[in-house]
Amino acid sequence: MKLSEIKEILPSLENVEFQLEHGTFVPEHFHVTEVGQIYKNFIDCGGVIRKERWVNFQLWDADDYEHRLKPGKLLHIIQLSEEKLGIEDAEIEVEYQNDTIGKYDLDFNGKNFVLRNKTTACLAQDACGIPSEKLKKNVSEFTGDKSSHCTPNSGCC
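Residues numbered from 1 in each chain as written. Predicted model: local features only at pLDDT ≥ 70, side-chain atom pairs only at ≥ 80, totals over all residues. Heavy atoms only, no water.

Positionally, glutamate 95 belongs in strand β4 (residues 92–97). Comment: no salt bridge for buried glutamate 95; closest opposite-charge side chain is lysine 103, at 4.6 Å. Among the polar contacts made by the side chain of glutamate 95, one reaches the side chain of asparagine 56 at a distance of 3.4 Å. Once residues lying within four places of it in the same chain are set aside, the contact partners of glutamate 95 are Asn56, Phe57, Gln58, Leu59, Ile101, Gly102 and Lys103. (Helix = DSSP H or I, 4+ residues; strand = E, 2+ residues; numbered from the N terminus. Buried < 20%, exposed > 50% of the residue type's maximum accessible area, 1.4 Å probe, protein only. Lys, Arg positive; Asp, Glu negative; His and termini not counted. Salt bridge = Lys/Arg side-chain N within 4 Å of Asp/Glu carboxyl O. Polar contact = N/O pair within 3.5 Å; in protein donor to acceptor, adjacent residues only side chain to side chain. Contact = heavy atoms within 4.5 Å.)

What follows concerns the side chain of histidine 31. Locating histidine 31 in the fold gives a position in strand β2 (residues 30–43). Exposure remark for histidine 31: the relative accessible area of 19% places this residue in the buried category. In terms of polar contacts, histidine 31 uses its side chain to reach the side chain of aspartate 64, at 3.0 Å.

This next bit is on the pattern of salt bridges. Inspection of every chain in the model, using the stated rule, returns ten salt bridges. The shortest N-O distance in the salt bridge between glutamate 21 and arginine 116 comes to 3.6 Å. With glutamate 21 in the loop between β1 (18–20) and β2 and arginine 116 in strand β6 (residues 113–117), this pair connects stretches of sequence that are 95 residues apart. Taking the relative accessible area as the measure of exposure, arginine 116 reaches 28% and is therefore partly exposed. One salt bridge connects aspartate 105 with lysine 118, and the closest N-O pair in it is separated by 3.1 Å. Of this pair, aspartate 105 sits in strand β5 (residues 101–108) while lysine 118 sits in the segment after β6; the two residues are 13 residues apart in sequence, bridging distant segments of the chain. For aspartate 105, a relative accessible area of 34% puts it in the partly exposed group.

For the coordinates displayed, the defined rule picks out three aromatic pairs. Aromatic pair phenylalanine 18 and phenylalanine 30: ring centres 5.2 Å apart, planes at 85 degrees, arrangement edge-to-face. In this pair, phenylalanine 18 sits in strand β1 while phenylalanine 30 sits in strand β2, placing the two residues twelve residues apart along the sequence. Accessibility expressed as a relative area gives 1% for phenylalanine 30, which makes it buried. Following the ring pairs from residue to residue traces out a cluster consisting of Phe18, Phe30, Phe108 and Phe113. Stacked on the ring of phenylalanine 42, the Lys or Arg lysine 40 has its end atom at 4.6 Å from the ring centre. (Phe/Tyr/Trp six-rings, centres within 6.5 Å; stacked < 30°, edge-to-face > 60°. Lys NZ or Arg CZ within 6 Å of the ring centre and 35° of its normal.)

An ideal rise of 1.5 Å per residue puts 21 Å on 15 residues; helix α2 (residues 71–85) measures up with 21 Å between its terminal C-alpha atoms. Among the residues of α2, Pro71, Leu74, Leu75, Ile78 and Ser81 are the ones counted as buried. Down the axis, α2 shows its buried residues gathered within 125 degrees of arc, on one side only. Turned more than 90 degrees away from the buried face of α2, the exposed residues are Glu83 and Lys84. For α2, the secondary structure elements touched by its buried residues are α1 (3–9), β2 and β3 (49–61). Looking one or two residues past α2, glycine 86 carries a phi angle of roughly 70 degrees, positive in sign. (Expected span 1.5 Å × (residues − 1). Arc of directions from axis to C-beta.)

Before going further, it helps to examine the state of the cysteines. Evaluated as defined, the whole model comprises zero disulfides. The cysteine cysteine 45 is free of any disulfide, with cysteine 122 supplying the nearest cysteine sulfur at 3.5 Å. Owing to a relative accessible area of 22%, cysteine 122 belongs among the partly exposed residues under this scheme. (Disulfide = S-S within 2.5 Å.)

Set out below in structure tokens:
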């Protein structure tokens, strides 16, 4: 989800709720402690120089159990960060601490924002010798001359 998309969604909501992909909700008293623009300049294992940027939200589960972040307040925080930091429209990555700090893509299911698990991947698979995925088959799918196969008590084994 891009920053422009969340800005379109927020005015139609009564509450801001974040849910992990497996269904668990971020406690409703969370805070958005950071909104920023992240730039990554790197080289992949195939020698290609890459540049990426995204908008970062950091969620924090605080001990002030009466706190509730309303959609208008989150929209104000986003607008303030755009104004003061010059944040550009980009995909949103959310940081949220579960067992450790996790990084998530952001989605919306029509009611809640969903934190989608991110995964790592090789960006240069053609250059670093990773074999292509092998076709998986069940042994029962192999056919051929049945007379050449060993059977119990046939003496072939």
